[in-house]
Amino acid sequence: MGTKEEGQLSLLLDDLTALEEYIHDLFSFSPLPICFVSPVGVVLEVNPAMEKVSGFKMEEIVGESLERVFKKEEIGPLVKETLGEGFVDGKELRFFPKTGQEITTQVFTRTRKDEKGEVVGYFLSLLDLSGIKKTEAELKRVQAALLNILEDTEEARRKAEEEKNKTQAIITNFTDALFFFDRDHRLAIINPQAENFFKIDKEEVTGESIEKLHRLPNLHSLIEFLGEEIKEISRKEFMLAEDSIFEVSVISMRRDEADLGDLVVLHDVSREKMVERLKTEFVSLSAHQLRTPLSAIKWSLMMLLDGDLGPINKNQKDILQKTYQSNERMIALINDLLNLARIEEGKYALSLAPVDIVNLCQSVIDPSEESFKNKGVNFSFKKPDQKAIQVSADAEKLKLVIQNLLDNALKYTAKGGRVSLSLKVANQGVRLEVKDSGIGIAEKEQKRVFSKFFRTTEAVLIEPAGSGLGLYMAKNIIEGHGGEIGFASKVGQGTTFYFVLPAQS
Ligand code: ADP
């Protein structure tokens, strides 16, 4: 061998030693747990990383079977595959370190052969999967939680959908007509009843502005009634046609202070109104029929009392007088019923004209003054500063109201008492007051004073004649004029009834 070759060989040997050292260092310092195992499964060498993972010192594990740290049934197939194939690339095996606490690992093997190609053993390396497994389990939990949330969301969505369908069904099947305007005053929802009553098509009106709806002939009167501003109202009467009357309510919908829009509900009261009209017509007809015979009785009684049909004795006269008074009460009642019928029939038809209310009061007072004098009740008319006050009113009906208030004041005030009528022009309009020093109205009965046929217990005792219709009519008439009627009263001290009519514009 020449020196050159010798030199090269020595260099090669040096390289090999360096390589071996390098490999050994790699084996020792590799963070991956590695061991070298004999073909029969005995551990021949372990690196520090393997010592650390297994918890065994090198001397405790070298010479031991792999079954010490793996399950027999799992390691068997691994060894077989390694020796057969020459390697195993990542197989999941349970690893049991000294603590006995199972670790899931991924195992890699590689056989090592000698120069003759005989297998002298194999390297076995582990990858601790417990961290990954933990993360995986964590991921699975998160995934499950996410799925639950998704499921809940789906459930909530389904419920919302169900709720929406329910609301939709309610709106659709509601017997009242419904319109819902959004906060920009655009028609957002309309139900079939509304389409039906107003003969409109949902497709044509949904989404339209209130100004545009105002121009539609079929909705014009409703929008006129509601006003383009759509203010809240409660059970206000709206007449679409002679035989089509509704009670309208407008509800402002809000959620958490936010304005959502306005719901307009139209309740059809046409039938009730028709029945009411028929009832009024019946009362009117019967009252008319009764008045004629009662008048005949009145005149016959008067003739008897006046002795036109021959002399009568005192007893006969007393009885005839009582009969005459009862007949008079019946005539008064019939007159009240007739007035009531007239008012209810003409509820929608007040014939308004400019009226001087000072003059109107005087025309009621003049014929009544005699009655005040006869009963010994002082009466005064506190006239306003103005000579005349014009109001827009139905003179005949307004006269009925004033007459009724004066009659009541006289009826329920004892001899020696005082009654006054005053007229004032106030901010809100013209105010008329009838004040008396009479019996007053008990607090618990005050709520019912304007109801049809209501009379207080005290009033019935003092004055059996009375229909309980006067104030009911008065309220109807005043409210029909857009005015307001009310009273203040104290038992035993007196009562003040007032009404206010809007100023004439
Ligand atoms: P009527 O006087 O025919 O009974 P109204 O409808 O005019 O019927 O009055 C209803 C009831 O209100 C009366 O029965 C009476 O109980 C009470 N009332 C009305 N005005 C007065 C008054 N000035 N003082 C005391 N009670 C009154």
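Fair warning: this is a prediction, and the values are worked out from it, not measured in the lab.

**Things to note about a nonpolar patch on the surface**
A contiguous nonpolar patch, built from Leu9, Leu12, Leu13, Leu16, Leu19, Tyr22, Ile23 and Leu26 and spanning about 800 Å² of accessible area, is present on the exposed surface. Given the relative accessible area of 48%, Leu16 is considered partly exposed.

**Remarks on the site of the ligand**
Contacts to the ligand come from 21 residues, most closely from Asn408, Asp436, Arg455, Thr456 and Leu471. Between an oxygen atom of the ligand and a side-chain N or O atom of Arg455, the distance comes to 2.6 Å. Backbone polar atom of Leu471 to an oxygen atom of the ligand: 2.7 Å apart, as the coordinates give it. In the complex, the protein chains occlude 98% of the 530 Å² of accessible area that the ligand would expose alone. Broken down by secondary-structure element, the contributors of at least two residues to the shell around the ligand are helix H13 (395-411), helix H16 (470-480) and strand E17 (494-502). Per element, the largest residue contribution to the shell around the ligand is 4 residues, and it comes from H13. Split by residue class, the shell around the ligand holds 9 nonpolar, 9 polar and 3 charged.

**Observations regarding the domain arrangement of the protein**
Taken as a whole, the protein is organised into domain 1 (15-128), domain 2 (174-268), domain 3 (273-345) and domain 4 (353-502). Here the C-alpha centroids of domain 1 and domain 4 sit 116 Å apart.

**Topic: the environment of Leu66**
Within the element layout of this structure, Leu66 appears in the loop between helix H3 (58-61) and helix H4 (72-85). For Leu66, a relative accessible area of 3% translates into the label buried. For the pair Leu66 and Ser38, spaced 28 residues apart in sequence, the C-alpha separation works out to 9.9 Å. Ignoring any residue separated from it by four or fewer positions in sequence, one finds Leu66 in contact with Val37, Gly41, Val43, Ile75, Tyr122 and Leu124.

**What to know about the pattern of salt bridges**
On inspection of all chains with the given rule, the structure shows 21 salt bridges. Arg110 is the salt-bridge partner of Asp89, the closest N and O atoms lying 3.6 Å from each other. Placement of the pair is Asp89 in strand E3 (residues 87-95) and Arg110 in strand E4 (residues 103-113), with a sequence separation of 21 residues. Under the relative-accessibility criterion, Arg110 is labelled partly exposed at 41%. The network of salt bridges with shared partners includes Glu155, Arg158, Lys159 and Glu162.

**So, the pairing of strand E1 (residues 34-37)**
Neither face of E1 is open: one carries Ile34 and Phe36, the other Cys35 and Val37, and all of them are buried. Bridge analysis of E1 against strand E5 (residues 119-128) gives 4 bridges, and the strand direction is antiparallel. Of the residues in E5, the one forming a bridge with Val37 is Tyr122. Pairing of E1 with strand E2 (residues 43-46), which is carried by 3 bridges, proceeds in the antiparallel orientation. Within E2, the residue paired with Val37 across the bridge is Val43.

**Some thoughts on the sheet that holds strand E6 (residues 177-182)**
Strand pairs in the sheet, formed through backbone hydrogen bonds, run parallel or antiparallel to each other. In space, the 5 strands of this open sheet follow the order E7-E6-E10-E9-E8, with antiparallel pairing throughout. Two strands in the sheet have a free side with no partner beyond their single neighbour: strand E7 (187-190) and strand E8 (233-241). Neighbour to neighbour, the strand axes of the sheet diverge by 25° on average, direction disregarded. Note: strand E9 (residues 244-255) against strand E10 (residues 258-268), 10 bridges, orientation antiparallel. Bridge pairing in E10 places Met253 opposite Gly261. Against the sheet, helix H9 (residues 217-226) makes contact with E6, E8, E9 and E10, and its axis sits at roughly 150° relative to E8, the strand it touches most.

Conventions used here
- Residues numbered from 1 in each chain as written.
- Predicted model: local features only at pLDDT ≥ 70, side-chain atom pairs only at ≥ 80, totals over all residues.
- Heavy atoms only, no water.
- Patch = residues over 30% accessible without salt bridge, like charges linked within 9 Å, V, L, I, M, F, W, Y side chains within 5 Å.
- Areas by Shrake-Rupley, 256 points an atom, 1.4 Å probe, with all protein chains shown as cover.
- Salt bridge = Lys/Arg side-chain N within 4 Å of Asp/Glu carboxyl O.
- Buried < 20%, exposed > 50% of the residue type's maximum accessible area, 1.4 Å probe, protein only.
- Near = heavy atom within 4 Å.
- Polar contact = N/O pair within 3.5 Å; in protein donor to acceptor, adjacent residues only side chain to side chain.
- Helix = DSSP H or I, 4+ residues; strand = E, 2+ residues; numbered from the N terminus.
- Nonpolar A, V, L, I, M, F, W, Y, C, P; charged D, E, K, R; others polar.
- Domains from an automatic or database assignment.
- Contact = heavy atoms within 4.5 Å.
- Pairing = 2+ DSSP bridges.
- Axes fitted to C-alpha atoms, helices over the stretch in contact; angles between N-to-C directions.

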